[in-house]
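For reference, the chains in residue letters:
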Amino acid sequence: MNAPTLESPPSAVGAARLLDGRALALQVRARVAAEVAERIAHGGQAPGLAVVLVGEDPASQVYVRHKIKACEEAGIRSYSHRLDAQASEEALLELIDRLNRDPQVDGILVQLPLPAQINVQRVLARIRPGKDVDGFHAENLGRLAAGFPALRPCTPKGCMRLLDSAQIDCRGKLAVVVGASNIVGRPMALELLSAEATVLIAHKQTRDLPALVRQADILVVATGVPGLIRGEWIKPGAVVIDVGINRLGDGSLTGDVCFQEARERAAWITPVPGGVGPMTIACLLENTLEAAQNAVFIPV
């Protein structure tokens, strides 16, 4: 699927243009809905997404509601499965096995984080790669690393769509990714490498982070540390993608980058909220449709 172009007027002097994830996500979701409708009109089955929530984490419950609502709006069938916080790892693995076998389920999403008694990597590895719409399975990450991706992790995929929408050419640019998780940081670096950027990854052991950030033509930050990146660290004219979304004591949301400070120096920047978050959900829907299109039912 080609990324739509996001129109943005020239910014005022000293104020970066916004990479508006809400506007772009609406375009992606509308296109997914149209393709789902066409699939059904030609006698196909509506894609099905199983969403698994373990425990009562308030943020996770909100995310799950948003994902289920997005499925409904796109014509994707959603199946909600809830286990209590004391559920065993074996119970969760048995549920995943059933969903792997279910021909009505094209995609499986296990909402993270999981309770302490459950091994996250074991759970993610149990999901069949063709149904791994989060793109977290080692096979899908490995395909991304090898340069022939299948289902791509949703947040990095959404970040690349934002760059494409603004016609930002990554080739030859120095891209710095702050954060090295398997969910965002590592696959984001692989996406940028595929786009022919020169990529550096910073993590908690990185020395002199400000000096590294100051070199970045493209900066992606995914640490979960509110306000970690100061505006004075930003290279003038840089592109800043803030993946962080943190709730403060007053209930407001903020990113990992000091937005107002960074906006005075950057050329493009994502807002929080309204930047990367909506694109993550849009790419989840896109991955679910892709999984349905590629589905080959194999009895287990």
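Scroll up a little and you will see the structure.
Residues numbered from 1 in each chain as written. Predicted model: local features only at pLDDT ≥ 70, side-chain atom pairs only at ≥ 80, totals over all residues. Heavy atoms only, no water.

A. Local environment of the sheet that holds strand β1 (residues 17-18). What the six strands build is an open sheet, ordered β1-β11-β8-β7-β5-β6; its pairing is parallel. Of all strands in the sheet, those bounded by a partner on one side alone are β1 and β6 (198-202). (Pairing = 2+ DSSP bridges. Helix = DSSP H or I, 4+ residues; strand = E, 2+ residues; numbered from the N terminus.)

B. The pattern of salt bridges, seen in detail. Summed over the entire model, instances satisfying the criterion amount to ten salt bridges. Put simply, R230 and E261 hold a salt bridge, and the shortest N to O gap is 2.5 Å. A residue pair is termed long-range when its members are at least 10 positions apart, and R230 in the loop between β7 (218-221) and β8 (239-242) and E261 in helix α9 (residues 259-263) qualify at 31 residues. Under the relative-accessibility criterion, E261 is labelled partly exposed at 32%. Where salt bridges share partners, they join R31, K157, R161 and E286 into one cluster. (Salt bridge = Lys/Arg side-chain N within 4 Å of Asp/Glu carboxyl O. Buried < 20%, exposed > 50% of the residue type's maximum accessible area, 1.4 Å probe, protein only.)

C. Quick peek at unusual backbone geometry. Cis geometry marks the peptide bond from L112 to P113, where omega comes out at 5°. Position of P113 among the secondary structure elements: in the loop between β4 (107-110) and α4 (120-126). The residue after V272, namely P273, is reached through a cis peptide bond having omega -5°. Here P273 lies in the loop between β11 (268-269) and α10 (276-294). With a phi angle near 55°, Q167 is a residue other than glycine that sits in the positive phi range. Here Q167 is to be found in the loop between α6 (154-165) and β5 (174-178).

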